[in-house]
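# Descriptive structure summary
Chain by chain, the residues:
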Amino acid sequence: HLIDPFEIENHWNRIGAYDHGFNHPFSYGEAAVDDDGNVYLYKHISKRLLRPDEIVPLIKPNGYKLQYIHAGHDLWSRQRDGGKTVAESFQTLGIFMQRANIDRVQGVQQVRDYLSWKNKMEVDGQKVDGKPRFYIFKNCQEVYNNLTERIFDPNHPEDVLKADADSEGNGGDDISDMVRY
């Protein structure tokens, strides 16, 4: 799953995903989808203690267009003071996000399917083992590491265990949530 970076084809669709955080880290990733539906995560940023105006320069596409950026629903939460939502703050700064499907079990299952080396496919009437459909560029090693650290939730085995980052912003499931979106 961890591969050397390569030049993304101009005609491939590019997509983004964002899991918001301030005290705990935000996680942003971009991926390209090839003609066969394989997904290549080529960009990842995870930082904490940044406002949207500080995040936008880090995530704004440079010379290419994203088909969409899916984000967790907390971006659209209204604060008690009635001020802008985080999504509105991003929109004011030129970054438009769409609500992701946040169904954890469905999302985890889809990630498993994309990572699986055992997807069966039929070729000329014969069932053969397939290759995974999700690849991570080596410059996104933190994403690979985070996914390999996820464990089953003992109280809900179809899901992964919810995990918060520590006080320094390390660990947690923010990265895997971004991948799930």
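Residues numbered from 1 in each chain as written. Predicted model: local features only at pLDDT ≥ 70, side-chain atom pairs only at ≥ 80, totals over all residues. Heavy atoms only, no water.

Moving on, we come to the nonpolar core. Residues Tyr18, Ile59, Leu75, Phe90 and Met97 are the most contacted members of the largest nonpolar core, which totals 25 residues. When contributions to this core are tallied by element, the ones reaching two or more residues are β3 (26-33), β4 (39-47), α1 (52-59), β5 (68-71), α2 (86-92) and β9 (134-137). For Leu75, the residues in contact, after removing those within four places along its chain, are Tyr18, His20, Thr85, Val86, Ala87, Phe90 and Met97. Counting 17 residues, the second-largest nonpolar core is a separate cluster that includes Val39, Ala100, Phe134 and Leu147. (Core = buried A, V, L, I, M, F, W, Y, C linked by side-chain atoms within 4.5 Å. Buried < 20%, exposed > 50% of the residue type's maximum accessible area, 1.4 Å probe, protein only. Helix = DSSP H or I, 4+ residues; strand = E, 2+ residues; numbered from the N terminus. Contact = heavy atoms within 4.5 Å.)

This part is about the layout of surface pockets. Reported here for the largest pocket is a volume of approximately 520 Å³. If you trace the largest pocket, you find 25 residues lining it, with Ile15, Gln110, Val179, Arg180 and Tyr181 closest to the centre. The class makeup of the residues in the lining of the largest pocket is 13 nonpolar, nine polar and three charged. Its volume calculated, the second largest pocket comes out at about 430 Å³. As for the second largest pocket, its lining consists of 18 residues, and the residues nearest its centre are Val111, Arg112, Leu115, Leu147 and Arg150. Sorting the residues of the lining of the second largest pocket by element identifies α3 (104-115), α4 (141-149) and α5 (174-180) as the ones contributing at least two each. For the lining of the second largest pocket, the leading source of residues is α3, giving five residues. (1 Å grid on protein atoms, 1.4 Å probe; cavity = no way out; pocket = protein on both sides within 12 Å on 5 of 7 lines; lining within 4 Å. Points joined across faces, edges and corners; volume = space filled by probe spheres on them. Nonpolar A, V, L, I, M, F, W, Y, C, P; charged D, E, K, R; others polar.)

The tally for this structure, following the rule as stated, stands at eight aromatic pairs. For the ring pair Trp12 and Tyr40, a centre distance of 5.5 Å and an interplane angle of 15° mean the geometry is stacked. In this pair, Trp12 sits in the loop between β1 (2-3) and β2 (13-19) while Tyr40 sits in strand β4, placing the two residues 28 residues apart along the sequence. Comparing Trp12 with Tyr40 shows no difference in burial state: the two are buried. Residue Tyr40 is classed as buried on the basis of its relative accessible area, which comes to 11%. Each member of the aromatic cluster is reached from another via a ring pair, and the members are Phe6, Trp12, Tyr40, Tyr135 and Phe137. Across the ring face of Tyr64, the terminal group of Arg14 is positioned such that the distance to the ring centre comes to 4.2 Å. In this structure, Arg133 is placed above the aromatic ring of Tyr114, and the distance from its NZ or CZ to the ring centre is 4.1 Å. (Phe/Tyr/Trp six-rings, centres within 6.5 Å; stacked < 30°, edge-to-face > 60°. Lys NZ or Arg CZ within 6 Å of the ring centre and 35° of its normal.)

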